[in-house]
Amino acid sequence: MEGLILRLSALDADAENALRVIGFFDRLITGQADLDSLVRHAAQLAECPAGVTGKGLFVRADAAGKIANTGRVPDAAARMELADGALVWLERGGNPLPLDAMVLERFGIAAAAALDHSRPPKPELGDPALVELVLSETAGSADRSRALQLLGIRPTAQVVVLAVRAELAELDRLVEELGGRPAGVRTADFGARHAVLLVAAVPEQLPPHGKALVGVGDNVPAMDAPQSWRAALCALRFAYPGDPVVRAADLGGFGLLAEKLTPAEIAGVRDVQLLDRLAGETDLLEILLAVATTESVRKAAAAVFRHHSTVAARLAHAESVLGFAVDTPAGRSRLHLALLLRRLRDA
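If you're wondering where the values come from, they're calculated on a predicted model, not measured in any experiment. (Residues numbered from 1 in each chain as written. Predicted model: local features only at pLDDT ≥ 70, side-chain atom pairs only at ≥ 80, totals over all residues. Heavy atoms only, no water.)

Asker: Can you walk me through helix α2 (residues 35-46) in this structure?
Answerer: Its 12 residues give α2 an end-to-end C-alpha distance of 16 Å, which sits within 8% of 16 Å, the value for a rise of 1.5 Å per residue. Where burial is concerned, most of α2 is hidden: 10 out of the 12 residues are buried. All buried positions along α2 are accounted for by Leu-35, Asp-36, Ser-37, Leu-38, Val-39, His-41, Ala-42, Ala-43, Leu-45 and Ala-46. One side-chain oxygen at the N-terminal end of α2 lies 3.3 Å from the backbone nitrogen of Asp-36; it belongs to Asp-34. Glu-47 lies just past α2 and shows a positive phi near 60°. (Helix = DSSP H or I, 4+ residues; strand = E, 2+ residues; numbered from the N terminus. Expected span 1.5 Å × (residues − 1). Buried < 20%, exposed > 50% of the residue type's maximum accessible area, 1.4 Å probe, protein only. Polar contact = N/O pair within 3.5 Å; in protein donor to acceptor, adjacent residues only side chain to side chain.)

Asker: Mind showing me how you'd approach the side chain of Arg-332 here?
Answerer: Here Arg-332 shows up in helix α14 (residues 329-346). Here Arg-332 occupies a buried position and makes no salt bridge, while the nearest side chain of opposite charge, Asp-327, is found at 6.0 Å. At a separation of 3.2 Å, a polar atom in the side chain of Arg-332 contacts the main-chain carbonyl oxygen of Thr-294. Among residues more than four places away in sequence, those in contact with Arg-332 are Val-291, Ala-292, Thr-294, Glu-295, Ser-296, Val-297, Val-326 and Asp-327. (Lys, Arg positive; Asp, Glu negative; His and termini not counted. Salt bridge = Lys/Arg side-chain N within 4 Å of Asp/Glu carboxyl O. Contact = heavy atoms within 4.5 Å.)

Asker: Just to check I follow, could you spell out the pairing of strand β1 (residues 50-54) for this structure?
Answerer: It is a general feature of regular strands that their side chains alternate between the two faces of the sheet. By the criterion of burial, β1 is predominantly enclosed, with 5 of the 5 residues buried. Across the two faces of β1 the burial is the same, with Ala-50, Val-52 and Gly-54 and Gly-51 and Thr-53 all buried. With antiparallel pairing between neighbouring strands as the criterion, β1 and strand β2 (residues 57-61) make up a hairpin whose turn holds 2 residues, including Lys-55 at a positive phi of roughly 55°. (Pairing = 2+ DSSP bridges.)

Asker: It is not clear to me how the nonpolar core should be interpreted in this structure. Could you clarify?
Answerer: If you look at soluble globular proteins, the nonpolar side chains tend to sit buried side by side. If you look at the biggest cluster of nonpolar residues, it comprises 39 residues, and the most contacted ones within it are Val-134, Leu-135, Ile-153 and Phe-238. Contributing elements (two or more residues each) for this core: α4 (127-135), α5 (141-150), β6 (158-165), β8 (193-198), α7 (225-236), α8 (254-260) and α14. With sequence-adjacent residues up to four places away left out, Val-134 is seen in contact with Arg-144, Ala-147, Leu-148, Leu-151, Leu-197, Ala-225 and Pro-226. Grouped together as the second largest cluster of nonpolar side chains are 32 residues, Leu-28, Ala-42, Leu-57 and Ala-86 included. (Core = buried A, V, L, I, M, F, W, Y, C linked by side-chain atoms within 4.5 Å.)

Asker: Would you take a moment to explain the sheet that holds strand β4 (residues 78-81) for this structure?
Answerer: Spatial ordering of the open sheet is given by β3-β2-β1-β5-β4, a layout of 5 strands whose pairing is antiparallel. One side of each edge strand has no neighbouring strand; the edge strands of this open sheet are β3 (67-68) and β4. Taken together, the 2 bridges between β2 and β3 define a ladder with antiparallel strand orientation. Opposite Arg-60, over in β3, you have Ala-68 as the bridge partner. α2 rests against β1, β2, β3 and β5 (87-90) of the sheet, and its axis sits at about 35° to β2. (Axes fitted to C-alpha atoms, helices over the stretch in contact; angles between N-to-C directions.)

Printed below as a string of C-alpha coordinates:
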(Lines give C-alpha, C1' and ligand atoms only; values in the text may rest on other atoms or scores of the structure.)
Protein backbone atom coordinates (compact mmCIF):
# COMPACT_ATOMS: atom_id res chain seq x y z
CA MET A 1 0.00 0.00 0.00
CA GLU A 2 2.80 2.42 0.86
CA GLY A 3 4.25 1.86 -2.59
CA LEU A 4 1.23 3.56 -4.16
CA ILE A 5 2.20 6.94 -2.79
CA LEU A 6 5.39 8.92 -3.24
CA ARG A 7 7.35 10.53 -0.46
CA LEU A 8 5.23 13.31 0.99
CA SER A 9 8.13 15.76 0.75
CA ALA A 10 8.11 15.28 -3.03
CA LEU A 11 4.39 15.91 -3.56
CA ASP A 12 2.75 19.19 -4.52
CA ALA A 13 -0.56 20.29 -3.00
CA ASP A 14 -2.52 19.68 -6.18
CA ALA A 15 -5.77 17.76 -6.53
CA GLU A 16 -4.13 14.60 -7.84
CA ASN A 17 -1.73 14.26 -4.94
CA ALA A 18 -4.43 15.18 -2.42
CA LEU A 19 -6.52 12.30 -3.76
CA ARG A 20 -3.55 9.98 -3.34
CA VAL A 21 -3.29 10.96 0.33
CA ILE A 22 -7.04 10.48 0.77
CA GLY A 23 -6.83 7.05 -0.86
CA PHE A 24 -3.92 6.10 1.39
CA PHE A 25 -5.95 6.67 4.56
CA ASP A 26 -9.18 5.31 3.03
CA ARG A 27 -7.46 1.97 2.48
CA LEU A 28 -6.39 1.93 6.13
CA ILE A 29 -9.97 2.64 7.21
CA THR A 30 -11.40 -0.02 4.88
CA GLY A 31 -8.90 -2.54 6.21
CA GLN A 32 -9.90 -1.60 9.79
CA ALA A 33 -6.29 -0.95 10.73
CA ASP A 34 -5.78 -0.85 14.48
CA LEU A 35 -4.54 2.30 16.15
CA ASP A 36 -0.89 1.23 16.37
CA SER A 37 -0.80 0.36 12.67
CA LEU A 38 -2.55 3.59 11.71
CA VAL A 39 -0.15 5.80 13.68
CA ARG A 40 2.83 3.90 12.30
CA HIS A 41 1.64 4.38 8.70
CA ALA A 42 0.87 8.05 9.27
CA ALA A 43 4.36 8.71 10.65
CA GLN A 44 6.03 6.85 7.82
CA LEU A 45 3.97 8.72 5.22
CA ALA A 46 4.58 12.11 6.81
CA GLU A 47 8.26 11.29 7.43
CA CYS A 48 7.98 12.74 10.93
CA PRO A 49 6.66 11.55 14.31
CA ALA A 50 2.86 11.30 14.58
CA GLY A 51 0.50 10.33 17.37
CA VAL A 52 -2.95 9.94 18.87
CA THR A 53 -3.96 10.63 22.44
CA GLY A 54 -7.26 10.59 24.31
CA LYS A 55 -9.64 8.16 26.02
CA GLY A 56 -6.87 7.19 28.43
CA LEU A 57 -4.33 6.16 25.79
CA PHE A 58 -1.24 7.59 24.12
CA VAL A 59 0.20 6.19 20.88
CA ARG A 60 3.16 7.82 19.14
CA ALA A 61 5.33 6.56 16.30
CA ASP A 62 8.60 8.06 15.14
CA ALA A 63 9.41 8.53 11.46
CA ALA A 64 10.70 4.95 11.27
CA GLY A 65 7.43 3.60 12.69
CA LYS A 66 8.62 2.68 16.21
CA ILE A 67 5.70 2.82 18.66
CA ALA A 68 5.74 4.38 22.15
CA ASN A 69 2.85 4.47 24.62
CA THR A 70 4.07 7.18 26.96
CA GLY A 71 5.02 10.81 26.46
CA ARG A 72 3.38 14.16 25.78
CA VAL A 73 2.25 16.13 22.74
CA PRO A 74 4.92 18.74 21.85
CA ASP A 75 3.67 22.31 22.04
CA ALA A 76 4.85 23.03 18.50
CA ALA A 77 3.12 20.00 16.95
CA ALA A 78 0.41 20.49 14.33
CA ARG A 79 -2.74 19.01 15.83
CA MET A 80 -6.37 18.20 15.14
CA GLU A 81 -8.99 17.63 17.85
CA LEU A 82 -11.38 14.68 17.56
CA ALA A 83 -14.55 13.82 19.41
CA ASP A 84 -14.45 12.97 23.13
CA GLY A 85 -11.27 14.96 23.67
CA ALA A 86 -9.04 12.77 21.48
CA LEU A 87 -6.26 14.41 19.48
CA VAL A 88 -3.99 13.58 16.53
CA TRP A 89 -0.77 15.40 15.78
CA LEU A 90 2.29 15.64 13.52
CA GLU A 91 5.69 16.67 14.87
CA ARG A 92 7.10 18.39 11.82
CA GLY A 93 10.43 20.13 12.42
CA GLY A 94 10.73 23.35 10.43
CA ASN A 95 8.19 24.56 7.88
CA PRO A 96 5.11 22.41 7.12
CA LEU A 97 4.97 20.55 3.81
CA PRO A 98 2.25 21.43 1.25
CA LEU A 99 0.11 18.38 2.08
CA ASP A 100 0.53 18.38 5.88
CA ALA A 101 -2.94 19.84 6.46
CA MET A 102 -4.51 17.15 4.26
CA VAL A 103 -2.52 14.38 5.96
CA LEU A 104 -3.53 15.63 9.40
CA GLU A 105 -7.21 15.82 8.41
CA ARG A 106 -7.34 12.32 6.92
CA PHE A 107 -5.22 10.97 9.78
CA GLY A 108 -7.81 12.39 12.20
CA ILE A 109 -10.71 10.81 10.31
CA ALA A 110 -8.96 7.43 10.23
CA ALA A 111 -8.04 7.69 13.93
CA ALA A 112 -11.66 8.42 14.86
CA ALA A 113 -12.72 5.30 12.93
CA ALA A 114 -10.03 3.20 14.62
CA LEU A 115 -11.09 4.42 18.06
CA ASP A 116 -14.69 3.58 17.24
CA HIS A 117 -13.81 0.10 15.95
CA SER A 118 -11.79 -0.71 19.08
CA ARG A 119 -14.57 -2.13 21.21
CA PRO A 120 -13.81 -2.41 24.92
CA PRO A 121 -13.55 -5.94 26.30
CA LYS A 122 -16.79 -7.05 27.87
CA PRO A 123 -16.72 -6.84 31.67
CA GLU A 124 -18.41 -10.21 31.91
CA LEU A 125 -15.24 -11.80 30.54
CA GLY A 126 -13.86 -11.35 34.04
CA ASP A 127 -10.55 -10.15 35.37
CA PRO A 128 -8.41 -13.07 34.08
CA ALA A 129 -9.45 -12.43 30.47
CA LEU A 130 -8.73 -8.73 30.89
CA VAL A 131 -5.30 -9.49 32.40
CA GLU A 132 -4.55 -11.77 29.44
CA LEU A 133 -5.41 -8.91 27.09
CA VAL A 134 -3.22 -6.46 29.01
CA LEU A 135 -0.26 -8.86 28.80
CA SER A 136 -0.78 -9.82 25.17
CA GLU A 137 2.03 -8.80 22.82
CA THR A 138 -0.43 -8.59 19.92
CA ALA A 139 -3.13 -6.44 21.56
CA GLY A 140 -3.46 -2.93 20.20
CA SER A 141 -2.91 0.12 22.38
CA ALA A 142 -6.63 1.01 22.43
CA ASP A 143 -7.68 -2.48 23.58
CA ARG A 144 -4.94 -2.64 26.21
CA SER A 145 -5.86 0.81 27.53
CA ARG A 146 -9.53 -0.09 27.87
CA ALA A 147 -8.73 -3.42 29.51
CA LEU A 148 -6.59 -1.59 32.07
CA GLN A 149 -9.39 0.86 32.79
CA LEU A 150 -11.85 -2.00 33.31
CA LEU A 151 -9.35 -3.48 35.77
CA GLY A 152 -9.24 -0.15 37.58
CA ILE A 153 -5.64 0.59 36.52
CA ARG A 154 -4.65 3.88 34.94
CA PRO A 155 -2.72 3.34 31.68
CA THR A 156 0.02 5.64 33.01
CA ALA A 157 0.33 3.83 36.36
CA GLN A 158 3.50 1.88 37.17
CA VAL A 159 2.94 -1.88 37.30
CA VAL A 160 5.01 -5.01 37.76
CA VAL A 161 4.15 -8.51 36.56
CA LEU A 162 5.14 -11.76 38.25
CA ALA A 163 5.35 -15.15 36.55
CA VAL A 164 4.55 -17.87 39.07
CA ARG A 165 4.75 -21.64 38.94
CA ALA A 166 2.74 -22.90 41.92
CA GLU A 167 -0.30 -24.78 43.12
CA LEU A 168 -3.44 -22.67 43.38
CA ALA A 169 -3.33 -22.62 47.18
CA GLU A 170 0.26 -21.36 47.09
CA LEU A 171 -0.71 -18.75 44.50
CA ASP A 172 -3.52 -17.51 46.72
CA ARG A 173 -1.13 -17.13 49.66
CA LEU A 174 1.27 -15.16 47.46
CA VAL A 175 -1.56 -12.89 46.27
CA GLU A 176 -2.56 -12.20 49.87
CA GLU A 177 1.05 -11.42 50.76
CA LEU A 178 1.05 -8.83 47.95
CA GLY A 179 -2.10 -7.13 49.23
CA GLY A 180 -4.89 -9.34 47.94
CA ARG A 181 -7.30 -8.95 45.05
CA PRO A 182 -9.35 -6.21 46.76
CA ALA A 183 -6.17 -4.11 46.80
CA GLY A 184 -5.78 -4.42 43.02
CA VAL A 185 -3.72 -7.59 42.56
CA ARG A 186 -4.96 -9.31 39.40
CA THR A 187 -4.14 -12.80 38.14
CA ALA A 188 -4.50 -14.93 35.02
CA ASP A 189 -3.52 -18.51 34.24
CA PHE A 190 -1.29 -19.52 31.32
CA GLY A 191 -1.18 -23.29 31.60
CA ALA A 192 1.21 -24.26 34.40
CA ARG A 193 2.27 -20.64 34.84
CA HIS A 194 0.29 -17.87 36.51
CA ALA A 195 0.57 -14.14 35.83
CA VAL A 196 0.21 -11.73 38.74
CA LEU A 197 -0.32 -8.07 37.80
CA LEU A 198 -0.02 -5.49 40.54
CA VAL A 199 0.18 -1.71 40.80
CA ALA A 200 2.84 -1.68 43.49
CA ALA A 201 6.47 -2.52 44.05
CA VAL A 202 7.25 -6.11 44.99
CA PRO A 203 8.60 -6.36 48.57
CA GLU A 204 12.38 -6.66 48.75
CA GLN A 205 12.03 -9.86 50.75
CA LEU A 206 9.24 -11.97 49.32
CA PRO A 207 8.88 -15.00 51.61
CA PRO A 208 8.73 -18.46 49.99
CA HIS A 209 5.28 -20.00 49.60
CA GLY A 210 5.62 -23.77 49.66
CA LYS A 211 7.07 -24.98 46.39
CA ALA A 212 6.15 -21.81 44.49
CA LEU A 213 8.72 -20.43 42.04
CA VAL A 214 8.47 -16.74 41.13
CA GLY A 215 9.95 -14.59 38.37
CA VAL A 216 9.64 -10.85 38.98
CA GLY A 217 9.40 -8.61 35.91
CA ASP A 218 10.48 -5.01 35.48
CA ASN A 219 8.54 -2.05 36.88
CA VAL A 220 6.99 -0.37 33.81
CA PRO A 221 4.11 1.89 32.75
CA ALA A 222 0.91 -0.17 32.54
CA MET A 223 0.79 0.15 28.75
CA ASP A 224 4.15 -1.68 28.62
CA ALA A 225 2.92 -4.59 30.78
CA PRO A 226 3.80 -7.20 28.07
CA GLN A 227 7.45 -6.17 28.49
CA SER A 228 7.29 -6.86 32.24
CA TRP A 229 5.54 -10.21 31.64
CA ARG A 230 8.22 -11.24 29.15
CA ALA A 231 10.96 -10.33 31.65
CA ALA A 232 9.13 -12.21 34.43
CA LEU A 233 8.94 -15.38 32.31
CA CYS A 234 12.66 -15.12 31.66
CA ALA A 235 13.40 -14.73 35.39
CA LEU A 236 11.12 -17.68 36.23
CA ARG A 237 13.35 -19.99 34.19
CA PHE A 238 16.22 -19.27 36.59
CA ALA A 239 14.18 -19.96 39.75
CA TYR A 240 14.60 -23.24 41.63
CA PRO A 241 13.81 -24.41 45.20
CA GLY A 242 17.13 -23.10 46.52
CA ASP A 243 16.43 -19.66 45.00
CA PRO A 244 12.63 -19.50 44.53
CA VAL A 245 12.28 -15.76 43.78
CA VAL A 246 14.33 -14.34 40.90
CA ARG A 247 14.11 -10.74 39.70
CA ALA A 248 14.69 -9.91 36.05
CA ALA A 249 16.57 -6.78 37.13
CA ASP A 250 19.17 -8.98 38.87
CA LEU A 251 19.92 -11.25 35.91
CA GLY A 252 22.23 -8.92 34.02
CA GLY A 253 23.84 -10.69 31.08
CA PHE A 254 22.48 -14.06 32.20
CA GLY A 255 19.10 -13.01 30.82
CA LEU A 256 20.53 -13.29 27.32
CA LEU A 257 21.09 -17.00 27.89
CA ALA A 258 17.36 -17.55 28.28
CA GLU A 259 16.51 -15.27 25.36
CA LYS A 260 19.04 -16.57 22.83
CA LEU A 261 19.61 -20.27 23.58
CA THR A 262 17.07 -22.95 22.78
CA PRO A 263 16.76 -26.13 24.88
CA ALA A 264 18.19 -28.10 21.96
CA GLU A 265 21.26 -25.86 21.78
CA ILE A 266 21.81 -26.14 25.54
CA ALA A 267 21.43 -29.93 25.38
CA GLY A 268 24.39 -30.00 22.97
CA VAL A 269 26.80 -28.42 25.50
CA ARG A 270 29.20 -31.10 26.70
CA ASP A 271 29.37 -29.81 30.30
CA VAL A 272 25.58 -30.08 30.51
CA GLN A 273 25.67 -33.61 29.12
CA LEU A 274 28.25 -34.61 31.73
CA LEU A 275 26.12 -33.11 34.51
CA ASP A 276 23.27 -35.29 33.25
CA ARG A 277 25.51 -38.33 33.80
CA LEU A 278 26.11 -37.23 37.40
CA ALA A 279 22.46 -36.37 38.08
CA GLY A 280 21.56 -39.96 39.02
CA GLU A 281 24.03 -40.02 41.90
CA THR A 282 22.43 -39.07 45.20
CA ASP A 283 22.94 -35.44 46.24
CA LEU A 284 25.88 -34.93 43.86
CA LEU A 285 24.32 -32.05 41.92
CA GLU A 286 23.35 -30.40 45.22
CA ILE A 287 26.98 -30.65 46.34
CA LEU A 288 28.22 -29.26 43.01
CA LEU A 289 25.83 -26.30 43.30
CA ALA A 290 27.10 -25.60 46.81
CA VAL A 291 30.69 -25.65 45.55
CA ALA A 292 29.82 -23.33 42.65
CA THR A 293 28.17 -20.77 44.95
CA THR A 294 30.56 -20.80 47.95
CA GLU A 295 34.22 -19.94 48.44
CA SER A 296 35.63 -23.25 49.66
CA VAL A 297 34.95 -26.95 49.99
CA ARG A 298 34.47 -26.54 53.75
CA LYS A 299 31.78 -23.89 53.25
CA ALA A 300 30.13 -26.04 50.61
CA ALA A 301 30.14 -29.01 52.99
CA ALA A 302 28.53 -26.88 55.70
CA ALA A 303 25.86 -25.69 53.25
CA VAL A 304 24.79 -29.26 52.45
CA PHE A 305 25.36 -30.59 56.01
CA ARG A 306 28.12 -33.04 55.04
CA HIS A 307 31.60 -33.64 56.42
CA HIS A 308 34.20 -31.84 54.31
CA SER A 309 36.16 -35.05 53.69
CA THR A 310 33.03 -36.70 52.30
CA VAL A 311 32.38 -33.72 50.03
CA ALA A 312 36.02 -33.71 48.87
CA ALA A 313 35.75 -37.36 47.87
CA ARG A 314 32.51 -36.77 45.98
CA LEU A 315 34.10 -33.81 44.19
CA ALA A 316 37.09 -35.87 43.12
CA HIS A 317 34.69 -38.32 41.47
CA ALA A 318 32.74 -35.47 39.81
CA GLU A 319 35.95 -33.92 38.49
CA SER A 320 36.96 -37.24 36.92
CA VAL A 321 33.72 -37.18 34.94
CA LEU A 322 33.63 -33.45 34.14
CA GLY A 323 37.29 -33.24 33.19
CA PHE A 324 38.10 -30.03 35.09
CA ALA A 325 38.75 -28.92 38.66
CA VAL A 326 35.65 -27.44 40.26
CA ASP A 327 37.23 -25.86 43.37
CA THR A 328 39.20 -23.15 41.53
CA PRO A 329 37.78 -19.71 40.57
CA ALA A 330 37.68 -20.64 36.88
CA GLY A 331 36.26 -24.08 37.66
CA ARG A 332 33.52 -22.64 39.87
CA SER A 333 32.51 -20.20 37.11
CA ARG A 334 32.42 -22.98 34.50
CA LEU A 335 30.48 -25.26 36.82
CA HIS A 336 28.00 -22.52 37.76
CA LEU A 337 27.36 -21.74 34.09
CA ALA A 338 26.79 -25.41 33.27
CA LEU A 339 24.34 -25.76 36.17
CA LEU A 340 22.48 -22.62 35.03
CA LEU A 341 22.28 -23.88 31.45
CA ARG A 342 20.92 -27.23 32.63
CA ARG A 343 18.27 -25.44 34.70
CA LEU A 344 17.26 -23.30 31.69
CA ARG A 345 17.02 -26.37 29.48
CA ASP A 346 14.69 -28.08 31.91
CA ALA A 347 12.59 -25.03 32.87
